[in-house]
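Coordinates in review
In case you want the letters, here they are:
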Amino acid sequence: MKTSIWRKVAIWASLLIGLASVAQASEYGLSVRRPQSSVGSVSPAVPSGQPAVEERKRQDGICTKCHDETETKPILAIYQTPHGVSSDGRTPSCQACHGESKKHLGGNVDGTGRPPPDMVFGTNKRTTAGFVPNDHEAQSETCLNCHKAGMRMRWPGSQHQANDLTCANCHPVHNAKDPVLVKDQQPAVCFTCHKEQRAQIKQISAHPIDANKLVCSDCHNPHGSPGPKLLAKNTVNETCFTCHAEKRGPFLWEHQPATEECTNCHTPHGSNITPLLKSRAPFLCDECHDGPHVSTQVAGPSVTGLQGGGVAAGGNPSTLMVGRACMNCHVMVHGSNSPAGAFLQR
């Protein structure tokens, strides 16, 4: 009886070990050969795209004879990225991006130095090898040959493309880790150009970019967008409602500036006035509301002028100037669903 139980345990253990091996192989992109079955006509599995894999290895071998670990830039680190998965037939070779580069491979034949590859990537006037990079359109087109679908389909005509940026401005392809794809490193890449936004996120009230809870690509699509400012959604409000769903509504009583666009009152990257307000109330409210509160008459012992005014002798400061100012009474600034909330008071 005991022998039978332990035999079953051994069988289950061997099955689990086999399944774990298959799962691990799949995780690293490896294909698993299954033994030919003795029942029926099942043939052993052949790795997908094997001819392409062998051809890519042959082509890369030509380049890595010279471009090895002695390079100033970590050229071989590309094999630690998705661009260097050796078992995948879809992985590009060096020539797939840099061109056949026959003159470059031919070497210094006329005594003037080795010619550059057909496609040289870079953002400076010259690369570390002394070659002049191709123009930005040619560089981007090379990348878009593979990376054209999805979020990159709107690259032509986008603000970044119109300002002559290339993929290499943000993506160091040969690095083991692309900083744009690492959450705590992505903002630093964007702030290389967007220095005003770098300063704004250091202010008192800001989105938690510095705390690595939010990154630029959560709100923006750097490759192009149908909306303004390369936003991930079609409008500012749609983008904000991705996180701030409670402000979406619909409301029985709407506050028109909030319905139109959140940036009427808020600055998205950071402000010294909470919560991300462009200026403090009542001055922010005064930009639109010049109604009954704007008067210079004395209300009791205090002066209410300009929604706050000054203080008469022996009087108290106006409630419109202290605490939450207008929001002492008008608390539902984004909208109200109360039947009695026409003035956004509840």
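Concerning the overall build of the chain
Regarding its fold elements, the chain presents 12 helices and six strands. Across the 346 residues of the chain, 26% fall into the buried class. Expressed as a percentage of contacts within the chain between residues at least 6 apart in sequence, the contacts between residues at least 24 apart total 44%. On the chain, roughly 23200 Å² of surface is accessible, and the fraction owed to carbon and sulfur atoms is 59%.

Considering the pattern of salt bridges
Counted according to the given criterion, the structure contains six salt bridges. Between Asp 60 and Arg 56 there is a salt bridge, with the nearest N and O atoms lying 2.9 Å from each other. On the criterion of helical spacing, the pair formed by Asp 60 and Arg 56 is a turn pair, its members being four residues apart in helix 2 (residues 50–64). A relative accessible area of 5% places Asp 60 in the buried class. Since its relative accessible area comes to 4%, Arg 56 is described here as buried. Between Lys 102 and Glu 100 there is a salt bridge, and its shortest N-O distance comes to 3.6 Å. Relative accessible area serves as the criterion here: at 63%, Lys 102 is assigned to the exposed category.

Structural notes on the environment of His 136
Counting through the fold element by element, His 136 comes out in helix 5 (residues 136–144). Once the C-alpha coordinates of His 136 and Gly 122 are considered, the two residues, 14 residues apart in sequence, prove to be 8.8 Å apart. If sequence neighbours within four positions are ignored, His 136 has contacts with Asp 164, Leu 165 and Thr 166. Here the side chain of His 136 touches Asp 164 through a polar contact of 3.1 Å, side chain to side chain.

Re the side chain of His 255
Of note, His 255 is situated in the loop between strand 2 (253–254) and helix 10 (256–260). Given the relative accessible area of 18%, His 255 is considered buried. In this structure the side chain of His 255 is engaged in a polar contact, spanning 2.5 Å, whose partner is the backbone oxygen of Val 333. The residues touching His 255, leaving out its near neighbours within four places in the chain, are His 289, Val 333, His 334, Gly 335 and Leu 344.

A short note on the side chain of Ser 101
Topologically, Ser 101 is positioned in the loop between helix 3 (94–98) and helix 4 (102–106). At 3.1 Å, the side chain of Ser 101 forms a polar contact with the backbone oxygen of Gly 99. In this view, Ser 101 contacts Pro 117 and Asp 118; residues no more than four positions away in its chain are not counted.

Some remarks on helix 5
For helix 5, the full list of buried residues reads Gln 139, Ser 140, Thr 142 and Leu 144. Elements in contact with the buried residues of helix 5: helix 3. Taking the backbone nitrogen of Glu 137 as reference, a side-chain oxygen 3.1 Å away marks Asp 135 as the first, capping residue of helix 5.

Quick look at the state of the cysteines
Tallied over the full model, the rule gives zero disulfides. Cys 94 supplies the cysteine sulfur nearest to Cys 63, a cysteine that is in no disulfide, at a spacing of 4.0 Å. For Cys 63, a relative accessible area of 17% puts it in the buried group. Of the cysteine sulfurs around Cys 170, a residue in no disulfide, the closest is that of Cys 190, at 6.7 Å. With relative accessibility at 28%, the residue Cys 170 sits in the partly exposed group.

Some details on the environment of Leu 105
Mapped onto the elements of the fold, Leu 105 is located in helix 4. Given the relative accessible area of 41%, Leu 105 is considered partly exposed. Excluding residues within four positions of it along the chain, Leu 105 makes contact with Ile 62, Glu 100 and Arg 114.

Structural notes on the confidence of the model for the chain
Here the chain averages 80 in pLDDT, while 76% of its residues score no lower than 70. pLDDT under 50 marks residues 21–48. Its contacts with residues more than four places away, or in other chains, come to 16 contacts. Within the model, the stretch residues 294–310 combines pLDDT values under 50 with 34 contacts to residues more than four positions away or in other chains.

What counts and what doesn't
- Residues numbered from 1 in each chain as written.
- Predicted model: local features only at pLDDT ≥ 70, side-chain atom pairs only at ≥ 80, totals over all residues.
- Heavy atoms only, no water.
- Helix = DSSP H or I, 4+ residues; strand = E, 2+ residues; numbered from the N terminus.
- Buried < 20%, exposed > 50% of the residue type's maximum accessible area, 1.4 Å probe, protein only.
- Contact = heavy atoms within 4.5 Å.
- Areas by Shrake-Rupley, 256 points an atom, 1.4 Å probe, with all protein chains shown as cover.
- Salt bridge = Lys/Arg side-chain N within 4 Å of Asp/Glu carboxyl O.
- Polar contact = N/O pair within 3.5 Å; in protein donor to acceptor, adjacent residues only side chain to side chain.
- Disulfide = S-S within 2.5 Å.
- pLDDT = per-residue confidence, 0-100.

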